[in-house]
Amino acid sequence: MLEPGKISIRQLTVLFYLAMIGDMIIILPPIAAGYAHQNGWIVALASIPMGMVLVWLMLKLAAHYPDSSLVQICERILGRWLGGLVSVTYLIFFVIAGSIYVREVGDFLTTQLFANTPIRYIHLLFIATLLWAIWHGLESIARSAELLLPLFILIYIVLILCLLPEIEVSRLKPILGEDHLWMLRGTMLTTFYPFGEMIVFLMVIPYVQHQKHLKRDVLLASLLAGLTLALIIFISLTVLGSFFTQHNIYATYTLTQKINIGGFLQRIEALMAAAWVLTTFLKSCLFFYAFALGTAQLFKLRSTKPLYVPTTFIIFGLSLLVATDVSYYLNTIVPFWIDWNLTYSLLFPLLLLAIHHIRNRKKSVLPG
Amino acid sequence: MRLRVLHIVIAGLILLSATGCWDRKELNELGIVLAMAVDKDGDKGYKVSCQVVVPSEVASNSGKSTTTTVTLVQATATTIHEALYKMTLSSPRLSYMSHVRLLVFSEEVAREGIADTLEALIRDPNFRPDYYITIARGSPAEDILTILTPLESIPANSLFYSLKNSSDSWAPTIAAYADDTVEKMVSSGVEPVLTGVRILGDRVAGGSKDNLTHIKPEARLMFTGMAVLIRDRLIGWMDEDESKGYNYIAGNVKETTGHMNCPEGEGVVSLVLLRSTSKIIPRLVNGKPAFDVKLQVVQTIYGDSCETSLSSDYAIRQLQKISERKLIKIMEDSVNAAQHRLRSDIFGFGREFYRKYPLHWKTLAMNWNETFPSVKVNIEVEAQIRRIGTLDDSIIKQMKEEMPE
C-alpha cells in the first residue's frame, strides 16, 4: 500500500466539510452576486441539491471499487492506456487546482495584509507548511482537520453573530426579478465550484476504514458546507449590498470589516483571514496529496515520498505561472474554470459509471 | 544528531520567516491620520490635507504640553495617492490611513465630482470604508481640519462624534459612511446626501492653542445643512427643515425634538420624538409610478406654555393632529425641494419602485431623473403622544390662574 494510514469516517466528514468550504468562502460570494445580483443567496441554495447529486454520483462510482483510488478506478474500467490517459488529465487538474489555491492565498494576503511582501515568499511559507503536512501523511492531515474544525466554527459563528445587527433584508429585493438565464448560469457555477472540486476525495476514500454510513455522512457534510456558504452569501448581500459583494474581490473580508459592536468590538477581520487560510490550506493539502499519490499509483511506484519534494517545486512554480495578474485570474480563470470542473466532476464520472455498467452487463450475459 | 541539527535549522528558519517582518510598520514611524480634506488647487490637481496625531500630546502622562494635539500635513498632486505619498516631503512620518474617521471635500471638488477620490480610497486596502464624508461650506476643506476643539482633544474625533450623535438625536444631519455613499452613487433610483460642515467664528484664531483657553472658543465647527448630490456631483443644499424632512422619510430619525403651536391661544408645546418608523410604498397608477410615504412617530411632551390645559384626552388628540399636520408639512417641503429645486431622488423612491416592480422599472430607469420631479407623493403621518412628562398641568397656566395679570 502506498498510503499506510487509515482515517475514520468522522475524520473524512470533517475534512470534507472544511475542504469544501476551502477557498470558496471568499471566492463564491462575488461569483454568486456577479451572476444573480441580490438573488445570489437563492442561487447558492438552489445549488445545494444539485451539488449533492454530484457528490452522490462520485460516491456511487467509489462504492463500486471500494479499495481503489480514482486513478486505479480509471485503470480498472478503461484499461491501462486509456485509463492512464484519463488519469493523467486528472492529475494535471489536481496539480493546477492546488497551485491556484496557493495563488489565491498569496493574492489575498498580498492585497489585504502584506502589501509590500513579494508573493513568492508567502507562497514559499504556505507550500513549506503543505509539504510538512503531506510528509506526515493522510492521518495527520485528517487529525489536524479535526483539531481545526472547532476553531473554524468558532470564528464563523462569532463573525455571523457580530454581523447580525448590520443586516438589511430590504437589500434582497426584488426577489427573482432579474434575468433567469443568468441565474441558471450562476447556479451552475455555485454547484461545480464547491461541490465539483470534491472529486479529489475519490483519491482518499479507499483509505477510509470500512464502516457503514460513509455515503450518508459525506452527503451530510456537503449539505452543511453548502449551507455554510449560502449563509455567508446571504449575509454578504444583506450587509454589503449586491454592488460591493459583486465587485469587491474579497467581499467576505470587507464584510468582516463592517463589524462594529458598541464601538469596541471591531477590527476583527484578521479572524476571517485566519479562517480562510485555514480551510484553503486543507483544500490545497488534499489536491497536493492527490497529485502525488495519483502519480505514484499511475506509475506503480513503491513509495510516494520521493515525489513530495518535486511536487512542492511544481506547485511553487505553477502558483506563480497560472495567472499573470489578478485580473487574468478573475476574468479568465474564474469564468472558464467551470469547464474543467464540469468535465472532471460530472462527465468523466458519468462516463466511467456508464462503461462500468456496460461491461458488467456483458459479463453477466456471458455464460458461466 | 544530524536530524537534530536539521530540526534546529528548520526551527530557526521558521522563526525568522514567520514574523512577517517584511511588511512591518513601526508605530513610531507612522503618522496616524484621523481626518483628510480634499481641495482643488487650480490645474495642479488635488490638494490633500491630512490631520495627523501628535502622539506625545495625546499620551495621558505627557504633563504640560507645548504643541497642539494634531498637525496638518499637506501636498498637492494630480491624484490622491500621489499627494499622500508626496506628504513625506514635509512630514517625517508615513501617513497611516486605516484610522481615518472623516473625509472633507471642498464645495468645488464636490461640484466636479467625488467619484474618483472615493474609488481610489475604496480600492486601497489601507483605508477602511467606515469614515464619514462631509462637505465644507463657506471655507476650503483644509480649514475645517485646522480648528482645535475642546472636550475632544483630537478635532477629527470631535467632528466624528458630533456628527454621529447629532444624526442620532437631532434630525437634520446625516452620517454618511463612504461605502453607503458609493452604493448610492452606483445604484439607480437613489442619490446620495452628505452633511455640510462650517466654521463659526475666527478661522485664524481657531488653529491656535489659544482657541482652547476660552470658555467660549473663538472658532467652532458646526454641521449644517445637507448636501444633495446627483451621482457624485453636488447639486445644491437643503436647509435644516428640509433635511429633517428627508431624514423622516428615509427613516433615519432615531430621536429628535420639535415644537408646535398650542391648540388654542398663544404659546408652544415642545415635543420629544422617541421613535419613528417610515415606509415608502410604491404604487402603479395608470402605469405611472406613485408613492405613499407612511410615517409613525411616538412623542412625549417636554414643555407646555399653553393657556388651556393639556391634561385631557381631547387635548392630547388635538395635539396629535397638529403634530401630524406639521410633520406632513416638513416632509412635503422636503419632497418639493428634492423634486423641483434640486431634481434629485435622494429618498430612493426609484429604488423602492424597482424593488416592488422590477419589470416596470426597466422602462423607467433610463430617464428616472426626468420622471422623478413629476411623480405623485402622498404623505401620511400617524403621530402618537404617549406621555406628557412629569407634570400633569402647566406651571405657566397655574401661575396665570393664581395671579392674573
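Values in this document were obtained by computation on a predicted structure and should not be read as measured data.

Caption draft 1: Up close: the overall build of chain B. Along the backbone of chain B there are 14 helices and 13 strands. Taken along the three principal axes of its C-alpha coordinates, chain B extends 95 × 60 × 60 Å. Within chain B, buried positions represent 47% of all 405 residues. A fraction of 71% describes how many contacts in chain B between residues 6 or more apart in sequence connect residues 24 or more apart. Carbon together with sulfur atoms contributes 53% to the accessible area of chain B, which is approximately 20700 Å² in total. Taking the average place of the 47 positive charges on the side chains of chain B and the average place of its 51 negative ones, the gap between the two points comes to 6 Å.

Caption draft 2: Representation of the interface of chain A and chain B within the structure. Each partner contributes to the interface: chain A provides 24 residues, whereas chain B provides 18 residues. Taken together, the two surfaces of chain A and chain B that pack against each other cover about 2100 Å², and 52% of this comes from carbon and sulfur. Between chain A and chain B we count three salt bridges in total. Here chain A is connected to chain B by seven residue pairs in polar contact (both at pLDDT 80 or more). Sorting the residues of the side of chain A that touches chain B by element identifies helix 5 (80-112), helix 6 (119-135) and helix 10 (241-247) of chain A as the ones contributing at least two each. When residues of the side of chain A that touches chain B are assigned to their parent elements, the largest contribution, three residues, is made by helix 10 of chain A. Across the side of chain A that touches chain B, the residue classes tally to nine nonpolar, nine polar and six charged.

Caption draft 3: Representation of the domain arrangement of chain B. Residue and element names in this part refer to chain B. Domain annotation of chain B identifies domain 1 (25-238) and domain 2 (250-405). The distance between the C-alpha centroids of domain 1 and domain 2 comes to 33 Å. Taken residue by residue, the interface counts 19 residues in domain 1 and 22 residues in domain 2. With both sides pooled, the region where domain 1 packs onto domain 2 buries about 1600 Å², and carbon together with sulfur makes up 57% of that total.

Caption draft 4: Focus on the side chain of Glu 142 of chain B. Residue and element names in this part refer to chain B. Among the structural elements, Glu 142 can be located in helix 6 (residues 141-144). A polar contact is formed between the side chain of Glu 142 and the side chain of Gln 74, at a distance of 2.5 Å. In contact with Glu 142, not counting residues within four places along its chain, are Ala 37, Asp 39, Lys 47, Ser 49, Leu 72 and Gln 74.

Caption draft 5: Layout of the sheet that holds strand 11 (residues 268-285) of chain B. All names here are of chain B. One open sheet holds the four strands; their spatial order is 10-11-12-13, and the pairing between them is mixed. The open sheet has two free edges, formed respectively by strand 10 (256-261) and strand 13 (376-387), since each of these has just one partner strand. Going across the sheet, the axis of each strand differs from the next one's by a mean of 40 degrees, ignoring polarity. Where strand 11 meets strand 12 (residues 288-304), 16 bridges bridge the pair, whose relative direction is antiparallel.

Caption draft 6: Highlighting the side chain of Gln 51 of chain B. Residue and element names in this part refer to chain B. Along the chain, the position of Gln 51 falls in strand 2 (residues 46-53). A polar contact of 2.8 Å, which involves the side chain of Gln 51, links it to the backbone oxygen of Leu 145. Sequence-distant contacts of Gln 51, defined by excluding residues within four places in its chain, comprise Ile 32, Val 33, Leu 34, Ala 35, Val 70, Thr 71, Leu 72, Leu 145, Ile 154, Pro 155 and Ala 156.

Caption draft 7: Molecular detail of unusual backbone geometry. In the segment running from Lys 173 of chain A into Pro 174 of chain A, the intervening peptide bond is cis, with an omega of -5 degrees. Within the secondary structure, Pro 174 of chain A is located in the loop between helix 7 (137-163) and helix 8 (180-192). The backbone phi angle of Arg 231 of chain B is positive, close to 50 degrees, even though this residue is not glycine. By the element assignment, Arg 231 of chain B lies in the loop between strand 8 (219-230) and strand 9 (233-238). For Arg 343 of chain B, which is not glycine, the phi torsion reads 50 degrees and is therefore positive. Of note, Arg 343 of chain B is situated in the loop between helix 10 (313-342) and helix 11 (349-356).

Caption draft 8: Layout of helix 7 (residues 155-169) of chain B. With 15 residues, helix 7 of chain B should cover 21 Å at 1.5 Å per step; its first-to-last C-alpha distance of 21 Å lies within 8% of that length. Every buried residue of helix 7 of chain B is listed here: Pro 155, Ala 156, Asn 157, Ser 158, Leu 159, Phe 160, Leu 163, Ser 166 and Ser 167 of chain B.

Caption draft 9: View of the environment of Ile 25 of chain A. Residues and elements named next belong to chain A. By the secondary structure assignment, Ile 25 is in helix 2 (residues 24-36). Ile 25 sits 314 residues away from Asp 339 along the chain, and the two C-alpha atoms are 21 Å apart. Those residues within four positions of Ile 25 in sequence are excluded, and the remaining contacts are Phe 152, Tyr 156, Leu 229, Ile 232, Thr 252, Met 272 and Trp 276.

Caption draft 10: Region of the structure containing the nonpolar core. Core analysis: the biggest nonpolar cluster contains 171 residues, and Ile 25, Phe 94 and Phe 201 of chain A together with Met 36 of chain B have the highest contact counts within it. Element by element, the count of residues in this core is highest for helix 12 (residues 269-298) of chain A, at 18 residues. Those residues in contact with Met 36 of chain B that lie beyond four places of it in its chain are Val 48, Ser 49, Cys 50, Ile 80, Leu 84, Met 97, Leu 102, Leu 103, Val 104, Leu 121, Phe 127 and Leu 145 of chain B.

What counts, and where the lines are drawn
- Residues numbered from 1 in each chain as written.
- Chains lettered and ligands numbered in written order.
- Predicted model: local features only at pLDDT ≥ 70, side-chain atom pairs only at ≥ 80, totals over all residues.
- Heavy atoms only, no water.
- Helix = DSSP H or I, 4+ residues; strand = E, 2+ residues; numbered from the N terminus.
- Buried < 20%, exposed > 50% of the residue type's maximum accessible area, 1.4 Å probe, protein only.
- Contact = heavy atoms within 4.5 Å.
- Areas by Shrake-Rupley, 256 points an atom, 1.4 Å probe, with all protein chains shown as cover.
- Lys, Arg positive; Asp, Glu negative; His and termini not counted.
- Charge placed at Lys NZ, Arg CZ, Asp CG, Glu CD.
- Buried area = accessible area lost by both parts, 1.4 Å probe.
- Salt bridge = Lys/Arg side-chain N within 4 Å of Asp/Glu carboxyl O.
- Polar contact = N/O pair within 3.5 Å; in protein donor to acceptor, adjacent residues only side chain to side chain.
- Nonpolar A, V, L, I, M, F, W, Y, C, P; charged D, E, K, R; others polar.
- Domains from an automatic or database assignment.
- Pairing = 2+ DSSP bridges.
- Axes fitted to C-alpha atoms, helices over the stretch in contact; angles between N-to-C directions.
- Expected span 1.5 Å × (residues − 1).
- Core = buried A, V, L, I, M, F, W, Y, C linked by side-chain atoms within 4.5 Å.

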